[in-house]
Amino acid sequence: MSNTTKKTTKATKDTPMTEAQLRDKIKAKLLARGISDPASATAEQMYQATVHAMKDLMTKNRTAFKKRIKAQESKKVCYLCMEFLLGRSLRNYACNLGIYDTLCKVLEGFGSSFEEVYACEIDPGLGNGGLGRLAACFMDSLSNLNYAANGYSLCYENGLFKQKLIDGEQVELPDEWIDKGGAWLYARPEKSVTVRFGGEINEVWEDGALKIIHTNYDEVRAVPYDVMIPGADTDATNTLRLWRARENRTAPVGYATQGTYLKAMEERGNAEEITRQLYPPDHHDSGKLLRLTQQYFLVSASLQSIIRDYFAENGSLENFENRIAIHINDTHPTLAIPELMRILMDTYSYNWDQAWNVITKCITYTNHTVMPEALECWRVDLFKMKLPRLFSIVTEINRRFCADLWNLYPGDWDRISRMAVIGYGQVRMANLCVVASHTVNGVSALHSEILKNTIFHDYYKMTPWKFTNVTNGVVHRRWLCSANPGLSALLTECIGGEFRQSPALLANFEGYANDEEVLARLAQVKKENKARFAEWAHKKCGAVIDPNSFFDVQIKRLHEYKRQLLNVLKIMCIYNELLSNPNAEFHPQTFIFGAKAAPGYVMAKKIIRLICFLAKELESNPRTKDKIKIVFMEDYNVSMAEVLIPAADLSEQISLAGKEASGTSNMKLMMNGALTLGTMDGANVEICNSVGDDNIYIFGLNSWEVEELWRQGYEAREYYHNSDRIRAVIDRFSRPIGGEDFSAIADYLVNGGYTVADPYMCLADFDAYYNEYQRALTDYTESPVDWSRKALVNIASSGRFSSDISIANYANNIWRTSPVRKG
């Protein structure tokens, strides 16, 4: 490393809490629990005391931040999302608060260690995949950039599920996380609200005003639990409010009859079921009703809280639409639109036009997918039964909107039918979002263009100014600085530590692309991270991984469009060729998967089973066990990702072009020096533009070619007949894999059965994918210095994918708000 370019920095910001202060604070928390000697405390007791000491500091910061918000009359962002995948918080919060090093010293002084205490924390079961992780990143960046914001979601008592693999079969177990992972929750029962479902609606005119009488409804109490989200190097601390459902009446002391007791218990169970599980199965009407109930419970409780707080602070709702930005993240919180209309009209006596004016000035919407199952629609009969008042409001929104469409496009029934909020017996959530929001955005440049050209094309032609793009981002402080301390230290030595707050400065690291010392140290960091993961995986699940092997990583929700199956076909092809040429030179390769399948998603579960049984066969074959290994990491979560991502060599981003909205694992992986093997889909396009063609491995059809191939008539069987490699892989399914019959998957790919054959074009992209993988592997094995240089360029180019930049774009172009000025 050249001494003339080396740069070091020292922290100049005062530590918010001295070592003595933090020690005394934790000792006081232990004493409150009856523990006078910290050395006698268990790790769990020390963890609880540490969390409560940090909560005191965050509460102090939160109070100061709220005073600044009020003094400056800052606009507040209210971010509604069905999930927030937070991960463990102790390390992240300690780093953001600037007390991490101090805390480590204090805990060591108590005869403990940070890692021992941190091991007591478990991941909260509040999310599933990219949507929830993005929301968590955004809350972090909102605080870091000093924006006034609150997140709103549900406090799922059993999470999504804990994944257990038994003989290759995914089994879903309750994720009962709150007892061990709920220390950061702050119960606020005094802020509870009630939410009504079902019943009957009657309209009564009194003194020239329409009054809505709601009778025979079921009422549920929504109890808030707050999680404070501190920013880095600032006192800005925002809140994520999580709602738990409870019955809304207290049973009398002593029950008159056994029947009364049973009815009370039934009502309690019905209420608490609302926040029992994230994304309950919806393949039957009861599941659909539960999901609809969850979504309304979230938006009604949140909006009541938002309006009540605003009214308490301002004495009226004047200027509400200019002081509050309500963001709908994906279609799950869409009911915020008619619910806000209901509250304004039925409670605060707004007329329709006044209420609609508020809606169209404060509501914004992010679309996250073009997949049909994510563009939610609710059957009219279910919607009307569960939410009768909202149904009448949505019906009126639809009537007025269709009347406007008729004036714009007289006689164009097809267009009006496509754009209507209610059609063919369905209430269309995405349509409602676009109609009511003043701004609609996609989450990558490609995705936003696809929205304008396909599912929202009619709306774009009518109101082009509504549509924009904000590419997703990830918190680099967590996913680089915290998860990869070796890389963070190297970056700090080379370019200074300011990149922690200014991610664009990562670009300066590219100046070291030809510095052999830096490249060698970068390779050493990766080697150490791979060894760390191999050790961690062995302790976690008994996996034996060669840290010197090539780490090929695909970590995504299991879905056909993400094409884990394509990856499996590649591995089978490598297996075939190795068996055919056992003496060929071969670099060991480890294929690492992390994925959960939705409980009712049969094909996704079959793919998991295939991966597990193929792994079993590879492990049992002495000719391959030391050369090819598959590791399926059970119950993949944020904490696992923080160890795995820094260890990855190759990042599999292989969705069918046009299907992945953006992706965020692609950003985390390239930020940590993994090279991308991917299609021109989602944010891969922007990653490619950032790093250059020489520093990424792109293959396959682009989104336009996919559409053209469908129009021409895609025939998977032609690829089977025309490619010897594909045919050999598909024919391998005719024999058991790991002792199990998977011939149905070959049939799915070539013949189709109940659907079109190979609906996500694995065979169409296979040869290009396999060849590009082999090119990447050759570069890795034959040109390690060049590989490290490519990795360095990826790291240096990753700053633009920080969620700080995404949030600044949202704030400037969508929410139209400014940071709260520092005091």
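Reading guide: rules and limits
Residues numbered from 1 in each chain as written. Predicted model: local features only at pLDDT ≥ 70, side-chain atom pairs only at ≥ 80, totals over all residues. Heavy atoms only, no water. Helix = DSSP H or I, 4+ residues; strand = E, 2+ residues; numbered from the N terminus. Buried < 20%, exposed > 50% of the residue type's maximum accessible area, 1.4 Å probe, protein only. Contact = heavy atoms within 4.5 Å. Expected span 1.5 Å × (residues − 1). Polar contact = N/O pair within 3.5 Å; in protein donor to acceptor, adjacent residues only side chain to side chain. Pairing = 2+ DSSP bridges. Axes fitted to C-alpha atoms, helices over the stretch in contact; angles between N-to-C directions. Salt bridge = Lys/Arg side-chain N within 4 Å of Asp/Glu carboxyl O. Core = buried A, V, L, I, M, F, W, Y, C linked by side-chain atoms within 4.5 Å. Parallel < 35°, antiparallel > 145°, perpendicular 65-115°, else oblique. Left-handed = near helix turned anticlockwise from the far one by under 90°. Nonpolar A, V, L, I, M, F, W, Y, C, P; charged D, E, K, R; others polar. Phe/Tyr/Trp six-rings, centres within 6.5 Å; stacked < 30°, edge-to-face > 60°. Lys NZ or Arg CZ within 6 Å of the ring centre and 35° of its normal.

## Details of the overall build of the protein chain
Phase 1 of the analysis: What the protein chain contains, in helices and strands, is 33 helices and 23 strands.
Phase 2 of the analysis: Across its three principal axes, the protein chain shows a C-alpha extent of roughly 90 × 70 × 60 Å.
Phase 3 of the analysis: Per-residue burial for the protein chain yields a buried fraction of 60% across its 823 residues.
Phase 4 of the analysis: Residue pairs in contact within the protein chain that sit at least 24 positions apart in sequence constitute 77% of those at least 6 positions apart.

## Some details on helix H21 (residues 516-541)
Phase 1 of the analysis: When the terminal C-alpha atoms of H21 are compared, their 37 Å separation across 26 residues agrees well with the 38 Å that a helix rising 1.5 Å per residue should span.
Phase 2 of the analysis: Among all positions of H21, only Val-518, Leu-519, Leu-522, Val-525, Lys-526, Asn-529, Lys-530, Phe-533, Ala-534 and Ala-537 are buried.
Phase 3 of the analysis: Those residues of H21 that are buried lie in contact with helix H20 (485-495), strand S18 (550-555), strand S19 (589-594), helix H24 (638-644), helix H31 (762-782) and helix H32 (784-796).
Phase 4 of the analysis: Its side-chain oxygen 3.1 Å from the backbone nitrogen of Glu-517, Asp-515 forms the N-cap of H21.

## Section: the sheet that holds strand S15 (residues 426-428)
Phase 1 of the analysis: One open sheet accounts for three strands, arranged S13-S15-S14; its pairing is antiparallel. The open sheet terminates on both sides in strands that have one partner only, identified here as strand S13 (377-379) and strand S14 (422-423).
Phase 2 of the analysis: Two elements, S14 and S15, share two bridges in a ladder whose sense is antiparallel. Paired with Gly-423 across the strands is Gln-426, a residue of S15.
Phase 3 of the analysis: Against the sheet, helix H16 (residues 429-436) contacts S13 and S15, and its axis sits at roughly 45° relative to S15.

## Here's the deal with the sheet that holds strand S23 (residues 697-698)
Phase 1 of the analysis: If you walk across this open sheet you meet the six strands as S20-S19-S18-S21-S22-S23, and the pairing is parallel. At either margin of the open sheet sits one strand with a lone partner, and together these are strand S20 (628-632) and S23.
Phase 2 of the analysis: Sheet topology places strand S22 (residues 675-678) next to S23; two bridges connect them, and they run parallel. Note on S23: the bridge partner recorded for Gly-678 is Ile-698.
Phase 3 of the analysis: Taken strand by strand, helix H22 (residues 564-580) contacts S18, S19, S20 and strand S21 (650-653), and its axis lies near 160° from that of S19.
Phase 4 of the analysis: Contacting S18, S21, S22 and S23, H32 runs over the sheet at an angle of about 85° to S22.

## Some points on the pattern of salt bridges
Phase 1 of the analysis: Counted under the stated rule, the structure contains 53 salt bridges.
Phase 2 of the analysis: Across the pair Glu-493 and Arg-521 runs a salt bridge whose closest N-O atoms are separated by 2.9 Å. Highlighted residues: Glu-493 in helix H20 and Arg-521 in helix H21, separated in sequence by 28 residues.
Phase 3 of the analysis: Of the charged contacts in the structure, one is a salt bridge between Glu-708 and Arg-711, with a shortest N-O distance of 2.9 Å. With Glu-708 and Arg-711 both in helix H27 (residues 703-712) and three residues apart, the pair spans about one turn of that helix.

## Some words on the nonpolar core
Phase 1 of the analysis: Among the nonpolar cores identified, the biggest contains 151 residues, and Ile-26, Phe-297, Phe-320, Ile-326, Phe-383 and Trp-815 are the most heavily contacted of them.
Phase 2 of the analysis: In terms of residue count, the dominant contributor to this core is helix H9 (residues 285-314) (ten residues).
Phase 3 of the analysis: Those residues in contact with Phe-297, other than ones at most four positions away along the chain, are Leu-154, Val-195, Phe-197, Val-220, Arg-221, Ala-222, Trp-243, Arg-244, Ala-245, Ile-274 and Thr-275.
Phase 4 of the analysis: Counting residues in each nonpolar core, the second largest holds 130 residues, with Leu-491, Ala-513, Ala-543 and Ala-648 among its members.

## Overview of the pairing of strand S9 (residues 218-230)
Phase 1 of the analysis: Of all 13 residues in S9, ten are buried, a share of seventy percent or more.
Phase 2 of the analysis: Both strand S5 (residues 186-187) and S9 contribute to a ladder of two bridges, which runs antiparallel. Within the sheet, the bridge partner assigned to Ala-187 lies in S9 and is Tyr-225.
Phase 3 of the analysis: Here S9 runs beside strand S10 (residues 237-247); their pairing, made up of eleven bridges, is antiparallel.

## Structural notes on the side chain of Lys-452
Phase 1 of the analysis: Checked against the element boundaries, Lys-452 lands in helix H17 (residues 445-453).
Phase 2 of the analysis: A distance of 2.9 Å separates the side chain of Lys-452 from the side chain of Glu-449, its partner in a polar contact.

## Description of helix H26 (residues 684-691)
Phase 1 of the analysis: Counting buried positions over the eight residues of H26 gives six, a clear majority of the element.
Phase 2 of the analysis: Looking at H26, one finds that the buried residues are Asn-684, Val-685, Glu-686, Ile-687, Cys-688 and Val-691.
Phase 3 of the analysis: Buried residues in H26 make contact with H17, S21, helix H25 (665-671), S22, S23 and H32.
Phase 4 of the analysis: The positive-phi residue at the C-terminal boundary of H26 is Gly-692, with phi of around 90°.

## Some details on the packing of helix H1 (residues 19-32) against helix H4 (residues 100-109)
Phase 1 of the analysis: Running from amino to carboxyl end, H1 crosses H4 at an angle of 55°, the nearest separation of the two axes being 9 Å. Judged by the inter-axis angle, H1 sits oblique to H4. The two elements H1 and H4 meet at a crossing, and its hand is right-handed. The residues of H4 that touch H1, namely those facing Glu-19, Leu-22, Arg-23 and Ile-26, are Thr-102, Leu-103, Lys-105 and Val-106.
Phase 2 of the analysis: Among the residues making up the contact of H1 with H4, the classes are represented as four nonpolar, one polar and three charged.

## Points about the packing of aromatic side chains
Two aromatic rings, taken as a pair, are described by how far apart their centres are and by the angle between their planes.
Phase 1 of the analysis: Under the counting rule described, the total for this entry stands at 31 aromatic pairs.
Phase 2 of the analysis: Seen in terms of ring centroids, Phe-533 and Phe-551 are 6.4 Å apart; in terms of plane orientation they differ by 75°. Their pairing is edge-to-face. You can see Phe-533 sitting in helix H21 and its partner Phe-551 sitting in strand S18, a full 18 residues away along the chain.
Phase 3 of the analysis: On the basis of relative accessible area, Phe-551 is assigned to the buried category, the value being 0%.
Phase 4 of the analysis: Through a chain of ring-to-ring contacts, the aromatic side chains of Phe-550, Phe-591, Tyr-697, Tyr-773, Tyr-780 and Trp-787 assemble into a single cluster.
Phase 5 of the analysis: Between Lys-530 and the ring centre of Phe-551, over which it is positioned, the NZ or CZ distance is 4.7 Å.
Phase 6 of the analysis: For Lys-596, the ring lying beneath its charged end belongs to Phe-161, and the centroid distance is 5.1 Å.

## Section: the packing of H1 against helix H2 (residues 43-72)
Phase 1 of the analysis: In the contact formed by H1 and H2, the axes pass within 8 Å of each other and the chain directions differ by 120°. With respect to H2, the axis of H1 lies oblique. As H1 packs across H2, the resulting crossing turns out to be right-handed. Judged by residue contacts, Lys-25, Ile-26, Lys-29 and Leu-30 of H1 engage Gln-45, Met-46, Ala-49, Thr-50, His-52, Ala-53 and Asp-56 from H2.
Phase 2 of the analysis: Tallied by class, residues from the contact of H1 with H2 come to five nonpolar, three polar and three charged.

## Description of the pairing of strand S3 (residues 162-166)
Phase 1 of the analysis: Of the two faces of S3, the one holding Gln-163 and Leu-165 is buried and the one holding Lys-162, Lys-164 and Ile-166 is not buried anywhere.
Phase 2 of the analysis: Here S3 runs beside strand S4 (residues 169-173); their pairing, made up of five bridges, is antiparallel. Its bridge partner being in S4, Lys-164 is matched across the sheet by Val-171.
Phase 3 of the analysis: Where S3 folds back on S4, the antiparallel hairpin that results is connected by two residues, among which Asp-167 adopts a positive phi of roughly 50°.

## A short note on the side chain of Asn-329
Phase 1 of the analysis: Looking at where Asn-329 falls in the secondary structure, it is placed in strand S11 (residues 324-329).
Phase 2 of the analysis: At 3.2 Å, the side chain of Asn-329 and the side chain of Tyr-79 are in polar contact.
Phase 3 of the analysis: When near neighbours in sequence (up to four residues on either side) are disregarded, Asn-329 contacts Tyr-79, Leu-80, Cys-81, Leu-131, Ala-135, Thr-366 and His-368.

## Digging into the environment of Trp-704
Phase 1 of the analysis: Following the sequence through the fold, Trp-704 ends up in helix H27.
Phase 2 of the analysis: In sequence terms Trp-704 and Arg-428 are 276 residues apart; their C-alpha atoms lie 27 Å from each other.

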